[in-house]
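# Structural characterization, general
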Protein chains: 2
Amino acid sequence: MIINIIIKTAIMVINKAQDIFRNYLRGKGLRNTRQREVILDAFFFADKHITVEELFNAIKVKHPEIGFATVHRNVGLLCECGLADEIKIGNKKTRYEPKYEQRHHDHLICLKCGEFTEVKDEKIERLQDKLAEANNFAPVRHKLEIYGLCKKCR
Amino acid sequence: MIINIIIKTAIMVINKAQDIFRNYLRGKGLRNTRQREVILDAFFFADKHITVEELFNAIKVKHPEIGFATVHRNVGLLCECGLADEIKIGNKKTRYEPKYEQRHHDHLICLKCGEFTEVKDEKIERLQDKLAEANNFAPVRHKLEIYGLCKKCR
DNA sequence: CTCTTAATGATAAAGATTATCATTATCTAA
DNA sequence: TTAGATAATGATAATCTTTATCATTAAGAG
Ligand SMILES: [Mn+2]
Ligand SMILES: [Mn+2]
Ligand SMILES: [Zn+2]
Ligand SMILES: [Zn+2]
């Protein structure tokens, strides 16, 4: 059944992510904790583009003993080790999205309802690199956000 | 002499900007004040990509009576009427740059020295609009930031 | 000039992230 | 397996930036 395959895949992704996280921690002389496993699991199971507060509230249901600061600190660590991306829009609370195997994408952001649409255009990606090179600039990463009105709101 | 032409041009730009600002204020039933003229002048004379705090400190020299809140409020107004653009990078303080006649550009941002290089690629601009349209999304504005190492730092 | 009310400026409050620190728990190495 | 060094946690305080408050000032229409 399709639903089982999806669940299996999700579990595989999380196991792989746990490995990446544990290796990253080990490499930095940091420790693996119960809290860290819970936070990573919750983060990968949760909705995309989540705030620390939302993640904290989701975790609180089953793990009321885990503190906000701990969630905050560890989302930071997930970013460091490449398992999460930070999204800052205006003065709003920072959002985070799980990242798996370096899949990069950009965002269309609706000015009315706030919806995020994930997009990618290889041609744009290549032109960005060219543009950087033309300016003697070594690109590392980029952020492209297009603001406007989504399908429902336009 | 070239220096005089540059100064003349700068003064013309500021006069035009003052007109735009005054018209915007009038249209909204707001008032023109001495402080607003000082802030606009200082903003257009100052370095690009300035923070409110930096602008406030620059103004303080000649106008120590003008308050921080007033500078902050009015930089906001300058953004509203299209004479300034907001630049938010990570958790750093918001920076603002004067905008004259809707000239849009994107930024290359050095991860080492923080330098901003202004760039524009018409091909990328067009592809962005196409990408939006392909997703039934009506683009209003966008933000493209390429992070990496600049000429000096690479 | 008068009067309405927007703007100012000092300060407080809010909102988000980061630091502090006593306590707990991990994990290395004996 | 256990002891010991020290990283992590969690409650809370501190910080840092932006926004709100409010008594006072002043713009500008009439
Ligand atoms: Mn996304
Ligand atoms: Mn610029
Ligand atoms: Zn929408
Ligand atoms: Zn540089």
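Whatever comes next refers back to the structure up there.
A few points on the structure.

## Considerations on the overall build of chain A
The helix and strand inventory of chain A stands at five helices and six strands. Counting from the amino terminus, chain A carries its helices and strands in the arrangement α-α-β-α-α-β-β-β-β-α-β. When each of the 154 residues of chain A is scored for burial, the buried share is 43%. Looking at chain A alone, contacts between residues at least 24 apart form 53% of all its contacts between residues at least 6 apart. When the accessible area of chain A is evaluated, it comes to approximately 9,200 Å², of which 53% is carbon and sulfur surface. Measuring between centres, the 28 positive side-chain charges of chain A sit 2 Å from its 21 negative side-chain charges.

## Considerations on the interface of chain B and chain A
Listed as interface residues are 36 residues of chain B and, on the opposing side, 36 residues of chain A. Roughly 3,400 Å² of surface becomes buried between chain B and chain A when both sides are summed, with 65% attributable to carbon and sulfur atoms. Of all residues in chain B, Leu131, Phe137 and Lys143 of chain B bury the most surface against chain A, accounting for 18% of the area lost on that side. The tally of links between chain B and chain A comes to two salt bridges. A salt bridge links Arg154 of chain A to Glu133 of chain B; the shortest N-O distance between them is 3.5 Å. The interface formed by chain B and chain A holds twelve residue pairs in polar contact (both at pLDDT 80 or more) in total.

## Structural notes on the nonpolar core
All names here are of chain A. Grouped together as the largest cluster of nonpolar side chains are 25 residues, with contacts concentrated most on Phe21, Leu40, Phe43, Leu55, Ile59, Val71 and Leu83. When residues of this core are traced back to their parent elements, those giving at least two are helix H1 (2-27), helix H2 (34-45), helix H3 (52-62) and helix H4 (68-80). The element contributing the most residues to this core is H2, with six residues. Once residues within four sequence positions are removed from consideration, Phe43 is found in contact with Ile50, Leu55, Leu78, Leu83, Ala84, Tyr96, Glu97 and Pro98.

## Quick look at the coordination of the zinc ion (ligand 4)
Residue and element names in this part refer to chain B. The zinc ion (ligand 4) binds to the protein through Cys110 (SG), Cys113 (SG), Cys150 (SG) and Cys153 (SG), with metal-donor distances spanning 2.2 to 2.5 Å. Coordination geometry of the zinc ion (ligand 4): the four donor atoms subtend angles of 99 to 115 degrees at the metal centre, consistent with an arrangement described as tetrahedral. Each donor residue of the zinc ion (ligand 4) lies on the same chain, and together they follow the pattern C-x2-C-x36-C-x2-C. One end of the pair, Cys113, is in the loop between strand E4 (106-110) and strand E5 (116-119); the other, Cys150, is in the segment after strand E6 (138-149), and 37 residues separate them in sequence. For Cys113, a relative accessible area of 41% corresponds to the partly exposed category.

## Some details on the relation of the copies chain B and chain A
Rotating chain B by 179 degrees about the axis while translating it 0.0 Å along that axis superimposes it on chain A, leaving an RMSD of 0.2 Å. Such a combination of rotation and displacement between the chain copies is what one expects of a two-fold axis. Among all residues of chain B, the one whose C-alpha sits closest to the rotation axis is Leu144 of chain B, at a distance of 2.2 Å.

## Some thoughts on the protein's contact with DNA strand D
Around DNA strand D, 22 residues are found, and the nearest of them are Arg36, Thr70 and Arg73 of chain A together with Asn32 and Thr94 of chain B. Here the atoms of DNA strand D within 4 Å of the protein split so that 71% fall in sugar or phosphate, with bases taking the remainder. Within the side chain of Arg31 of chain A, one N or O atom sits 2.9 Å away from a base oxygen of DNA strand D. Between a phosphate oxygen of DNA strand D and a main-chain N or O atom of Gly67 of chain A, the distance comes to 3.1 Å. Listing elements by their share of the surface near DNA strand D, those giving two or more residues are H2 and H4 of chain A together with helix H4 (68-80) of chain B.

## With respect to the coordination of the manganese ion (ligand 1)
All names here are of chain A. The manganese ion (ligand 1) binds to the protein through His49 (NE2), Glu97 (OE), His105 (NE2), His107 (NE2) and Glu118 (OE), with metal-donor distances spanning 2.1 to 2.3 Å. In primary-sequence terms, the residues that donate to the manganese ion (ligand 1) follow H-x47-E-x7-H-x1-H-x10-E. With His49 in the loop between H2 and strand E1 (50-51) and His105 in the loop between strand E3 (95-98) and strand E4 (106-110), this pair connects stretches of sequence that are 56 residues apart. An identical accessibility class is assigned to His49 and His105; each is buried.

## Focus on the sheet that holds strand E2 (residues 84-87) of chain A
Residue and element names in this part refer to chain A. Spatially, E1-E3-E2 is the arrangement adopted by the three strands of the open sheet, whose pairing is antiparallel. The open sheet has two free edges, formed respectively by E1 and E2, since each of these has just one partner strand. In this sheet, E3 lies alongside E2 in antiparallel orientation, the contact comprising four bridges. Bridge pairing in E3 links Ala84 to Pro98. On top of the sheet, H2 reaches E1, E2 and E3; it is set at about 90 degrees to E3, its chief contact. Most of the contacts of H4 go to E2, to which it runs at about 110 degrees, and overall it touches E2 and E3.

Thresholds, definitions, all that
Along each chain, numbering runs from 1 in the same order as the chain's sequence is written. Think of it this way: whatever chain is written first is A, whatever ligand is written first is 1, and the rest follow in order. Given that the model is predicted, a residue must reach a pLDDT of at least 70 before its local features are reported, and side-chain atom pairs must reach 80 or more before they are shown or counted; all residues, however, enter totals for whole chains, interfaces and linings. Heavy atoms throughout the structure, all of them, feed into the side-chain values; hydrogens and water do not. Strands here are runs of E lasting at least two residues and helices are runs of H or I lasting at least four, both read from the DSSP assignment and numbered beginning at the N terminus. Only protein chains enter the accessibility calculation, which uses a 1.4 Å probe; a residue whose area is less than 20% of its type maximum is buried, one above 50% is exposed, and one in between is partly exposed. Residues are treated as being in contact if the distance between any of their heavy atoms lies within 4.5 Å. Computed by Shrake-Rupley with a 1.4 Å probe, the accessible areas treat only the displayed protein chains as cover when residues are assessed. In this count, Lys and Arg are taken as positive residues and Asp and Glu as negative ones, while His and the chain termini are left out. To locate a charge, take NZ of a lysine, CZ of an arginine, CG of an aspartate or CD of a glutamate. A 1.4 Å probe defines the accessible area here, and the buried area is the portion of it lost by two parts on being joined, summed over both. By definition, a salt bridge exists where a carboxyl oxygen of Asp or Glu is found within 4 Å of a side-chain nitrogen of Lys or Arg. For the purposes of these results, a polar contact is taken to be a pair of N or O atoms within 3.5 Å, where, inside protein, one atom must be able to donate a hydrogen and its partner to accept one; residues adjacent in sequence count only when each atom of the pair is a side-chain atom. Only buried Ala, Val, Leu, Ile, Met, Phe, Trp, Tyr and Cys residues count toward a nonpolar core, and they belong to the same one when joined by side-chain atoms within 4.5 Å. Each metal site is built from N, O and S donor atoms within 2.8 Å (3.2 Å for Na, K and Ca), and since water is not included, such sites may look incomplete. Tetrahedral means four donors with every angle between 85 and 135 degrees, whereas square planar (four donors) and octahedral (six donors) require angles over 155 degrees between opposite donors and between 65 and 115 for all others; sites fitting neither are termed irregular. Here the copies are matched by least squares. The fit uses the C-alpha atoms of residues with pLDDT of at least 70 in both. By convention in this text, a residue qualifies as near a molecule or strand provided that one of its non-hydrogen atoms is within 4 Å of it. Criterion used throughout: strands pair if DSSP finds at least two bridges between them. Each axis is a line fitted through C-alpha atoms, and for a helix only the stretch in contact is used; angles between axes span 0 to 180 degrees, taken between their N-to-C directions.

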